[in-house]
Amino acid sequence: LITHRCTTTVMAAAARFFIRGVNSKLSITGVGTGVHSSFGATLLKLTPSCNSRSKTQRRHAAHFTFQPDPVPTQYGPTQKMNLFQSITSALDNTLASDPTAVIFGEDVAFGGVFRCTVGLRDKYGKDRVFNTPLCEQGIVGFGIGVAVAGATAIAEIQFADYIFPAFDQIVNEAAKYRYRSGNLFDCGNLTIRAPWGCVGHGSLYHSQSPEAFFAHCPGIKIVIPRSPVQAKGLLLSCIADKNPCIFFEPKILYRAAVEQVPVEAYTIPLSQAEVLQEGSDVTLVAWGTQIHVMKEVANMAQEKLGVSCEVIDLQTILPWDIETVCKSVVKTGRLLISHEAPVTGGFAAEISSTVQEECFLNLEAPISRVCGYDTPFPHIFEPFYIPDKWKCFDAIKKMINY
Amino acid sequence: SGKMLSNISNVLRACAQKNGAAVVMSARTYADFTTQATFEIKKCDLFKLDEAPATQVVMTRDEGLQYYRTMQTMRRMELKADQLYKQKIIRGFCHLYDGQEACAVGIEAAINLTDHLITAYRAHGYTYTRGGTFNMQIVLLRGGIAKGKGGSMHMYCKNFYGGNGIVGAQVPLGAGVALACKYQENNQLCVCLYGDGAANQGQIFETYNMAALWKLPVIFICENNRYGMGTSVERAAASTDYYKRGEFIPGLRVDGMDVLCVREATRFAADHCRSGKGPILMELQTYRYHGHSMSDPGVSYRTREEIQEVRSKSDPISMLKDRMLSNNMASVEELKEIDVEVRKEIEDAAQFATTDPEPPLEELCNHIFSNNPPVEVRGTNPWSKLKSVS
């Protein structure tokens, strides 16, 4: 952790950062949309006792700290990778093992705006990794066609915020193909990937979390990983799954999340929530970036309130693992669900409703949702909008004292 | 007679102040310069048109100075925005317009402020020509206009509908605005801009159909700067003749680096619309020096030589400057003085913007809906409610 004054040049700060290497104690904010990392987007979290923090620096500190999981040993040799590298690895494994697999989207050929497809075109050829023009509806429609014809289609939508022109294709075509053809046809070979969630400076159209819109649609699966190891396993599961899947990748974690990731292909089962830490007093449910916030909240609750929290990563939003969540709530009696998307109609509402149906008599307090405000994702007000650890902590306090 | 001269110069300076363009008095008198000259400009490529914009055009000294000042202001503003972004004073996304100044200035020169304009996210130039002062702009880039909720991509002012982030989404909107103009019979039109990347979006074609069917007074303008983010037009489009894409809509292809070409073509297009003939499509061939946005260095998909070549051979500001100097419409010193003034104005604006207070937190929830009295907006959790005023 480094203290620096605002007169330090960004380059010097970046140099220091790289010399120290990436470790989980540093929080990084900002992901560029271009090929090259913008050094200016990298900032270091300062120690709480530091007083020389300038207004600018305070504003740029991330709202979470990435917490890596222990190194997985059951999938073979591992390599240090960040989130976008683990995605590249998954795609690499897929293109190698499945000769029908194709990857397409805007700017994927040179490696993608988040570098998720770097090197794949050179390795596998331009007929397997290719660019599409700027037309999301076209991309998904085309992807459905590719999938129906039998090839494995991996479509990239450049930002989840741009997925809406394709909404009709996803909801009306992809999700209903098997159903309306009585299982004669299906587009299970389709996987749609999109960068998702807040990034510190994304504002209205580079920060959205649209999982709730799609959760309302039977026929598709929605998956959101929290880390590189999870991302690779879950993406490979989505690709293998015989249903159209939407895979949202938390863009703020593309560089910030670094873990030891297995080099070989492996899958993590869908529709299985993971209990990250056991507890007895409160169940915390989240997905994606918010998991790291929740882990911190769990620590804070333990230290300051003596409250033991059970943290669950939902991973698959649709169909979600009702059993794991309900079993946990039966044990603890309290549930807090948190996501960046606006609270009204957000996915927390679905979880909340189902849990109160199943576990009504076990609840000690009303189910709490700590989510984004019911506003469009704001520009400079972002730090106030997002459900940070203090808001979650506050909610836990209220639940405990109910 | 020296005193009289300075009196005259003071009076002329005072009454020549319009649209932010001051007539600069240099050591030489006003009478030394040519008041207007005729220029030969490039012919436009035509599609389904029998007539064409004029190729012999007149530009007066005043017009020239005004175009020069406006373009130079836009150029300096973009460079300043670049600087402020790198200092993290401006955040979010920032898409710079330098290189394309002739488009904004030429278009505005041919329409009225009562006409309407809508564009995509590379909008700083248009915000300025449409009347947003650059003071406001730099403030807004920090979060001033739109009270900090939008940032660089979402700037608006009277008859300027932004500033739109989603590619292609602004085109049907533009047609709608044009319909309102036609309906209200106010002889106004709507200039609806989009880029070469957006030209492949489905909603553009839906809009072409509606505009042509209902004969809407809309000028569709495709600002073809050769790259949709990092993809060159050849790799994105089956047909790079964007001015022909309207199929049943007449089209023009214009040299977008020459402010006079753009002005003449827009004049022609505006006449076409206002005479009730329906929509028309213009392709402006232009170029951006910066990358797609501040996160894009702009050299991974094109060579530095290419950028340099355009800068040296086709820069809109240089072209105008050469024209004025070689026709004795202004002196080198006069233009230099304008440069210095512009630089100072931008510096002051940046200074103002950096010290301007941030919008208050209450603004976060305002203007979601139109509501009277204020409604309550759910905050983080059900028992936290915020007020939304609109």
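- Naming follows an unreviewed UniProt entry, where chain B appears as Pyruvate dehydrogenase E1 component subunit alpha of Lates calcarifer.

- Per an unreviewed UniProt entry, chain A goes by the name 2-oxoisovalerate dehydrogenase subunit beta, mitochondrial and belongs to Lates calcarifer.
- Listed under Subcellular location (unreviewed entry) in UniProt, the entry text for chain A is "Mitochondrion matrix".
- Here chain A is described in UniProt, under the heading Cofactor (unreviewed entry), as follows: "thiamine diphosphate".

**Re the overall build of chain A**
Alright, step 1. For chain A, the helix and strand inventory stands at 15 helices and 14 strands.
Alright, step 2. Split into buried and exposed, the 402 residues of chain A put 60% on the buried side.
Alright, step 3. Sequence separation of 24 or more characterises 81% of the internal contacts of chain A that already satisfy a separation of 6 or more.
Alright, step 4. Accessible area of chain A: about 15200 Å², with a carbon and sulfur share of 54%.

**Some thoughts on the overall build of chain B**
Alright, step 1. Secondary structure summary: chain B contains 12 helices and 12 strands in total.
Alright, step 2. In chain B, buried positions account for 57% of the 390 residues.
Alright, step 3. Considering only intrachain contacts with a sequence separation of at least 6, the fraction spanning at least 24 residues in chain B is 71%.

**Notes on empty space enclosed by the protein**
Alright, step 1. Summed over the entire model, instances satisfying the criterion amount to three cavities of 30 Å³ or more.
Alright, step 2. For the largest cavity, the calculated volume is near 630 Å³.
Alright, step 3. Looking at the largest cavity, it is lined by 40 residues, and the ones nearest its centre are Leu134 of chain A together with Tyr121, Val167, Met229 and His292 of chain B.
Alright, step 4. Elements with a contribution of two residues or more to the lining of the largest cavity: strand S5 (190–195) and strand S7 (227–228) of chain B.

**Comments concerning helix H7 (residues 202–213) of chain B**
All names here are of chain B.
Alright, step 1. With 12 residues, H7 should reach 16 Å at 1.5 Å per residue; the first-to-last C-alpha distance of 17 Å fits that figure.
Alright, step 2. Buried within H7 are the following residues: Ile204, Thr207, Tyr208 and Ala211. Angularly, the buried residues of H7 cover 105° about the axis, an arc narrow enough to put them on a single face. Of the exposed residues in H7, the ones pointing more than 90 degrees away from its buried face are Glu206 and Leu213.
Alright, step 3. Residues of H7 that are buried make contact with helix H6 (170–184), S5, strand S6 (218–224) and strand S10 (280–285).

**Observations concerning helix H11 (residues 290–305) of chain A**
All names here are of chain A.
Alright, step 1. Taking 1.5 Å per residue, 16 residues should reach 22 Å; H11 reaches 21 Å between its end C-alpha atoms and fits that length.
Alright, step 2. Within the span of H11, buried status applies to Gln290, Ile291, His292, Val293, Met294, Lys295, Glu296, Val297, Ala298, Met300 and Ala301.
Alright, step 3. At the C-terminal side of H11, Gly306 shows a positive phi close to 65°.

**Brief notes about the state of the cysteines**
As used in these notes, a disulfide is a covalent bond between sulfur atoms, one from each of two cysteines.
Residues and elements named next belong to chain A.
Alright, step 1. Summed over all chains, the structure comprises zero disulfides over all chains.
Alright, step 2. With no disulfide of its own, Cys359 has Cys326 as its nearest cysteine by sulfur position, at a separation of 3.8 Å.
Alright, step 3. Owing to a relative accessible area of 1%, Cys359 belongs among the buried residues under this scheme.
Alright, step 4. Of all cysteine sulfurs, the one in Cys392 lies closest to Cys371, which takes part in no disulfide; the gap is 8.7 Å.
Alright, step 5. The buried category is assigned to Cys371, whose relative accessible area is 0%.

**Some remarks on the UniProt feature "domain: Transketolase-like pyrimidine-binding" (unreviewed entry) in chain A**
Alright, step 1. Per the UniProt record, the feature "domain: Transketolase-like pyrimidine-binding" (unreviewed entry) sits at residues 81–256 of chain A.
Alright, step 2. Secondary structure within residues 81–256 of chain A divides into 38% helix and 16% strand; the distance between the first and last C-alpha atoms comes to 10 Å.

**Digging into the pattern of salt bridges**
Alright, step 1. Applying the stated criterion to the full structure yields 33 salt bridges over all chains.
Alright, step 2. Close ionic contact of Asp255 of chain B with Lys42 of chain B constitutes a salt bridge, the shortest N to O distance being 3.2 Å. Of this pair, Asp255 of chain B sits in strand S9 (residues 251–255) while Lys42 of chain B sits in the loop between strand S1 (36–40) and strand S2 (45–47), and the two are 213 residues apart along the sequence.
Alright, step 3. Here Asp255 of chain B falls in the buried class, since its relative accessible area comes to 16%.
Alright, step 4. By relative accessible area, Lys42 of chain B is classed as exposed at 55%.
Alright, step 5. By sharing partners, the salt bridges in this structure join Asp69, Arg226, Glu274, Lys295 and Asp313 of chain A into a single network.

**Considering the sheet that holds strand S4 (residues 153–156) of chain A**
All names here are of chain A.
Alright, step 1. Taken together, seven strands build an open sheet; the order of strands is S3-S2-S4-S5-S7-S6-S12 and the sheet is mixed. Each of the sheet's edge strands pairs with one partner strand only, and the pair in question is strand S3 (129–131) and strand S12 (316–318). The sheet shows a mean angle of 20° between the axes of neighbouring strands, direction not considered.
Alright, step 2. Two strands pair when backbone bridges link them, and S4 and strand S5 (residues 190–196) are joined in this way by four bridges, in the parallel orientation. Within S5, the residue paired with Ala155 across the bridge is Ile192.
Alright, step 3. Docked against the sheet, helix H9 (residues 228–240) engages S4, S5, strand S6 (221–223) and strand S7 (245–250), running at close to 165° with respect to S7.

**Focus on the packing of helix H5 (residues 136–148) of chain A against helix H6 (residues 167–174) of chain A**
Residues and elements named next belong to chain A.
Alright, step 1. Where H5 meets H6, the closest approach of the two axes is 8 Å, and the angle between their N-to-C directions is 25°. Taken as axis vectors, H5 and H6 run roughly parallel relative to one another. Counted together, Gln137, Val140, Gly141 and Ile144 of H5 and Gln169, Ile170, Glu173 and Ala174 of H6 form the full contact between these two elements.
Alright, step 2. Of the residues in the contact of H5 with H6, the class split is four nonpolar, three polar and one charged.

About the cut-offs
- Residues numbered from 1 in each chain as written.
- Chains lettered and ligands numbered in written order.
- Predicted model: local features only at pLDDT ≥ 70, side-chain atom pairs only at ≥ 80, totals over all residues.
- Heavy atoms only, no water.
- UniProt positions renumbered as here; feature names shortened; annotations may be inferred.
- Helix = DSSP H or I, 4+ residues; strand = E, 2+ residues; numbered from the N terminus.
- Buried < 20%, exposed > 50% of the residue type's maximum accessible area, 1.4 Å probe, protein only.
- Contact = heavy atoms within 4.5 Å.
- Areas by Shrake-Rupley, 256 points an atom, 1.4 Å probe, with all protein chains shown as cover.
- 1 Å grid on protein atoms, 1.4 Å probe; cavity = no way out; pocket = protein on both sides within 12 Å on 5 of 7 lines; lining within 4 Å.
- Points joined across faces, edges and corners; volume = space filled by probe spheres on them.
- Expected span 1.5 Å × (residues − 1).
- Arc of directions from axis to C-beta.
- Disulfide = S-S within 2.5 Å.
- Salt bridge = Lys/Arg side-chain N within 4 Å of Asp/Glu carboxyl O.
- Pairing = 2+ DSSP bridges.
- Axes fitted to C-alpha atoms, helices over the stretch in contact; angles between N-to-C directions.
- Parallel < 35°, antiparallel > 145°, perpendicular 65-115°, else oblique.
- Nonpolar A, V, L, I, M, F, W, Y, C, P; charged D, E, K, R; others polar.

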